[in-house]
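# Structural overview for review
So you can see what is in the structure, the chains are spelled out below.
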Amino acid sequence: MGMELDTKIVREKMISSRGHMVISGTSWSQALFQDLLNLSKEAQDRYCVFKAVELLYLLCSKVPVSHTPGTNVHRYVPQSILEATSYMQAHLGEKLTIPHICKQCSVSPTFLKEWFHRAYGVSVHSWLVEQRMKQANKLICTPKLPIHQIAQAVGYTGISQFNATFKRFYGMTPSRLRKMSETAISRPI
């Protein structure tokens, strides 16, 4: 398959996940194994081969173990989580749901939610709101764009929901921030 098993990367990944690469004892893993028993022997064999190839790919991938600044904690960020992050960043103006993101990145909802929180320390939704508000803040300082267009550009269909989220995030409405930025530009210090 053209893959090379780098034992150093495997060791780092195993250390970062406290010595194991499979999460067992969770309700979803128990459900998976229960469902696996309901498959035919041939389907079980195909599934196990698929999972073995997937595991080899993950062990051979060159995705680095990242270092969290200010700590001695290293963490492995799966490529699919990095892809999900990039996808969401590129599509802030669209309706993004967990199932849609999972479909785009070929991961399960549980995998996305758990690994995203491990990698970024917040839920997918919280991260998405933060990115949308940061983008909105940049666009607010562009006086030519009406507020309702900015709301649509960052994925909000309703102006009231956008205003409420913006105010919760920045402590003021988008209109107020725009007035303050226009005043600061017209009256330089």
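What counts, and where the lines are drawn
- Residues numbered from 1 in each chain as written.
- Predicted model: local features only at pLDDT ≥ 70, side-chain atom pairs only at ≥ 80, totals over all residues.
- Heavy atoms only, no water.
- Phe/Tyr/Trp six-rings, centres within 6.5 Å; stacked < 30°, edge-to-face > 60°.
- Helix = DSSP H or I, 4+ residues; strand = E, 2+ residues; numbered from the N terminus.
- Lys NZ or Arg CZ within 6 Å of the ring centre and 35° of its normal.
- 1 Å grid on protein atoms, 1.4 Å probe; cavity = no way out; pocket = protein on both sides within 12 Å on 5 of 7 lines; lining within 4 Å.
- Points joined across faces, edges and corners; volume = space filled by probe spheres on them.
- Axes fitted to C-alpha atoms, helices over the stretch in contact; angles between N-to-C directions.
- Parallel < 35°, antiparallel > 145°, perpendicular 65-115°, else oblique.
- Contact = heavy atoms within 4.5 Å.
- Nonpolar A, V, L, I, M, F, W, Y, C, P; charged D, E, K, R; others polar.
- Core = buried A, V, L, I, M, F, W, Y, C linked by side-chain atoms within 4.5 Å.
- Buried < 20%, exposed > 50% of the residue type's maximum accessible area, 1.4 Å probe, protein only.

Okay, the packing of aromatic side chains next. All chains considered together, the criterion is met by eight aromatic pairs. Between the aromatic rings of phenylalanine 116 and tyrosine 120, the centroid separation amounts to 4.7 Å while the plane-to-plane angle is 45°, which identifies the pairing as tilted. In this pair, phenylalanine 116 and tyrosine 120 are both assigned in helix H6 (residues 109-120), four residues apart and thus about one turn of the helix distant. Put simply, the rings of Tyr156, Phe162, Phe166, Phe169 and Tyr170 pair up and form one aromatic cluster. One cation-aromatic arrangement involves arginine 118 over tryptophan 115; the distance from NZ or CZ to the ring centre is 4.4 Å.

Glancing now at the layout of surface pockets. Remark: the empty space left among the atoms is shown by a probe the size of a water molecule rolled over them. Within this model, the second largest pocket holds a volume of roughly 330 Å³. Surrounding the second largest pocket, 18 residues form its lining, Leu96, His125, Leu128, Arg132 and Gln161 being those nearest its centre. Only helix H5 (98-105), helix H7 (124-140) and helix H9 (159-170) provide two or more residues apiece to the lining of the second largest pocket. Sort the elements by how many residues they give to the lining of the second largest pocket and H7 lands first, with five residues.

What follows deals with the packing of H5 against H6. Two elements in contact, H5 and H6, have axes separated by 9 Å at closest approach and are oriented at 95°. With respect to H6, the element H5 is oriented roughly perpendicular. Of the residues in H6, those touching H5 at Ile98, Ile101 and Cys102 are Pro109, Leu112 and Lys113. A per-class count over the contact of H5 with H6 returns five nonpolar, no polar and one charged.

Looking now at the nonpolar core. One finds Ile81, Met88, Ile101 and Leu112 to be the most contacted residues of the largest nonpolar core, which totals 18 residues. Listed by contribution, the elements that provide at least two residues to this core are helix H4 (79-90), H5, H6 and H7. Core analysis: the next-biggest nonpolar cluster, separate from the first, contains 13 residues, Met133, Val154, Tyr156 and Phe166 among them.

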